[in-house]
Amino acid sequence: MSSHGKQLLSTAELERAACEVYCAAQREGIVIALLGGYALQMHGSPRLTGDVDFAAERPLETMPVVGHLSFGGVKTVTSENVPVDLIVRDDDYKALYEEALEDASAHARGRMPVVRPEYLAAMKMASGRPGDMADLEFLIKENIVDVDAMRSIIRRHLGPYAAHELDQIELIARWRKSRE
């Protein structure tokens, strides 16, 4: 269990859940792409998670709705009761998620599209939560992101102030990496 009471899932559980959702989306003709903690794991992060997150062009009709996301989308569960967030942003970050979804679909890794780390970084920065900022620092420290592409995405979707803040985060991340 995590400190928030959410059960952390094994890689096998995450893979089964993601595959179930992806297959349902394919059957319904809905474009989706993996993001969140499991996507970070696919990019090399040791981060654990208790759910699977997807950017989606719209919710899946064949999956039960168990709640709504305040920023757009629905909460659902797989047949094994794994929590899933299907994110369909309807707020200020809608264009960021739509672009990330389009890009992931065009650059699918393997069978299931995964949001590129540069977009994950922008999404993490937009949320501003401490765990998400740690994820952003990980992506920079481990050279997983193309920093110039990430900066461009952040400037375009979050604004020049966020791009300046990213410069500070990058400096701190690089300094911490040099101290390891």
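Residues numbered from 1 in each chain as written. Predicted model: local features only at pLDDT ≥ 70, side-chain atom pairs only at ≥ 80, totals over all residues. Heavy atoms only, no water.

## What about the nonpolar core?
Part 1 of the argument: Judged by nonpolar contacts, the single largest core of 55 residues is most densely connected at L34, V52, F54, V115 and M150.
Part 2 of the argument: Looking at this core, the element that brings in the most residues is helix α1 (residues 11–28), giving seven residues.
Part 3 of the argument: Once you skip the residues sitting within four places of it in the chain, V52 turns out to touch L14, A17, A18, L34, V82, P83, V84 and D85. (Core = buried A, V, L, I, M, F, W, Y, C linked by side-chain atoms within 4.5 Å. Buried < 20%, exposed > 50% of the residue type's maximum accessible area, 1.4 Å probe, protein only. Helix = DSSP H or I, 4+ residues; strand = E, 2+ residues; numbered from the N terminus. Contact = heavy atoms within 4.5 Å.)

## As for the environment of I32
Part 1 of the argument: Looking at where I32 falls in the secondary structure, it is placed in strand β1 (residues 32–35).
Part 2 of the argument: With 84 residues separating them in the primary sequence, I32 and R116 have C-alpha atoms 13 Å apart.
Part 3 of the argument: Excluding residues within four positions of it along the chain, I32 makes contact with V21, Y22, A25, F54, A55, A56, L101 and P113.

## Some points on the packing of helix α5 (residues 130–141) against helix α7 (residues 160–178)
Part 1 of the argument: It is the contact of α5 with α7, at a shortest axis distance of 9 Å, that shows an interaxial angle of 65°. Here the hand of the crossing between α5 and α7 comes out right-handed. Facing α5, whose interface residues are M133, L136, E137, I140 and K141, α7 presents E165, L166, I169, E170, I172, A173, R174, R176 and K177.
Part 2 of the argument: Its residues assigned to classes, the contact of α5 with α7 shows seven nonpolar, no polar and seven charged. (Axes fitted to C-alpha atoms, helices over the stretch in contact; angles between N-to-C directions. Left-handed = near helix turned anticlockwise from the far one by under 90°. Nonpolar A, V, L, I, M, F, W, Y, C, P; charged D, E, K, R; others polar.)

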